[in-house]
Amino acid sequence: MALRAGARGRVDHEARRVMLRRALNQKTARHLPWLDFLELAQSLNCVGVEARNDLGRPIFDGIALGQAGKMARDRGLRLLGLSEVYPFNDWNGERASEVRSLIETAHAAGAETISLIPRVDGQGTEDGLRQKVLRDVMREILPMLDGTDVVALIEPIGFDKSSLKHKAELVGAIEDVGGPEKFKLVHDTFQHVIAGETEIFAPYAGIVHISGISDPDVPLDETQDAHRILVDANDRCRNIKQIEAFLAAGYDGAFSFECTEPSVQASPILEQEIRRSFLYLETQTRS
């Protein structure tokens, strides 16, 4: 029997759906205890999660590191990474201790990566200086990674005051220091847009952070960093185009929601809203 037009439309809609490797950054559901966060990610069919140390409470809510990692793995989830050290390229003894400690924590928990964020205070931005400092600091970090399977992820930040704004600069440093087996980049779809970038450097990407800005009346600049939401049809960050570019380049990593808008984080129907946004991306993306 022939399908009705509406039924054909639904079949076609599902047929072109791209199945993304979904992931969830703990910041998106920052109020949930570790166990509840893991169960949310499992319910959403995520491949993994990113844990954070900047939520105003102990990482993993104080659960023993090995146990916290096992809790994720028992639910079929990879512990994709731990965030973060900031500002990693303002290097001193304290920063070295913070990076070493995060690497050790990741190794003990079975996390695959750590995240390092550059300074965004307008200092260290001079041409020549910022590139030298970046390489010098990466060379300091390199031996800290020895004996572990942990990869250091560095996230370019697109703000005007950022000391590492463009991914091309980071890729050059990665090639000079250790290579992509030791260092990779975080591609953030919001940061990519406000930096005015076009190239994605998929082979160097360790993870892709996705989030959106849908308000048509606000400037796409650093003031919106604290208001990044789940992606919808009004998205101004071109998430779908960026995801398509990654898939076309053969990227097989995760796409992780990192949302910072308080009303999203505190939503009583957060699971429904995240699921709806993932489905929107998957049905609109062309492989």
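What counts, and where the lines are drawn
- Residues numbered from 1 in each chain as written.
- Predicted model: local features only at pLDDT ≥ 70, side-chain atom pairs only at ≥ 80, totals over all residues.
- Heavy atoms only, no water.
- pLDDT = per-residue confidence, 0-100.
- Helix = DSSP H or I, 4+ residues; strand = E, 2+ residues; numbered from the N terminus.
- Contact = heavy atoms within 4.5 Å.
- Buried < 20%, exposed > 50% of the residue type's maximum accessible area, 1.4 Å probe, protein only.
- Axes fitted to C-alpha atoms, helices over the stretch in contact; angles between N-to-C directions.
- Parallel < 35°, antiparallel > 145°, perpendicular 65-115°, else oblique.

A look at the confidence of the model for the chain
1) Next: On average, residues of the chain score 95 in pLDDT, and 95% of them are at 70 or above.
2) Next: Of all secondary-structure elements in the chain, the lowest mean pLDDT belongs to helix H1 (residues 5–15), at 49, while strand E8 (residues 255–257) reaches the highest, 99.
3) Next: Ignoring residues within four places in sequence, the model shows residues 7–11, a span with pLDDT below 50, making three contacts including any to other chains.

A short note on the environment of Gly-122
1) Next: Considering the arrangement of structural elements, one finds Gly-122 in the loop between strand E4 (113–116) and helix H5 (129–145).
2) Next: Gly-122 sits 104 residues away from Val-18 along the chain, and the two C-alpha atoms are 40 Å apart.

Remarks on helix H6 (residues 167–176)
1) Next: Among all positions of H6, only Lys-167, Glu-169, Leu-170, Val-171, Ala-173 and Ile-174 are buried.
2) Next: Close packing links the buried residues of H6 with H5, strand E5 (151–154), strand E6 (183–188) and helix H7 (189–194).
3) Next: The positive-phi residue at the C-terminal boundary of H6 is Gly-178, with phi of around 90°.

Examining the packing of helix H3 (residues 65–74) against helix H4 (residues 93–109)
1) Next: Following both chains from N to C, one finds H3 and H4 inclined at 55°, their axes separated by 7 Å at the closest point. On the basis of the axis angle, H3 is oblique to H4. Where H3 approaches H4, its residues Leu-65, Gly-66, Gly-69 and Arg-73 are matched on the opposing element by Thr-105, Ala-108 and Ala-109.

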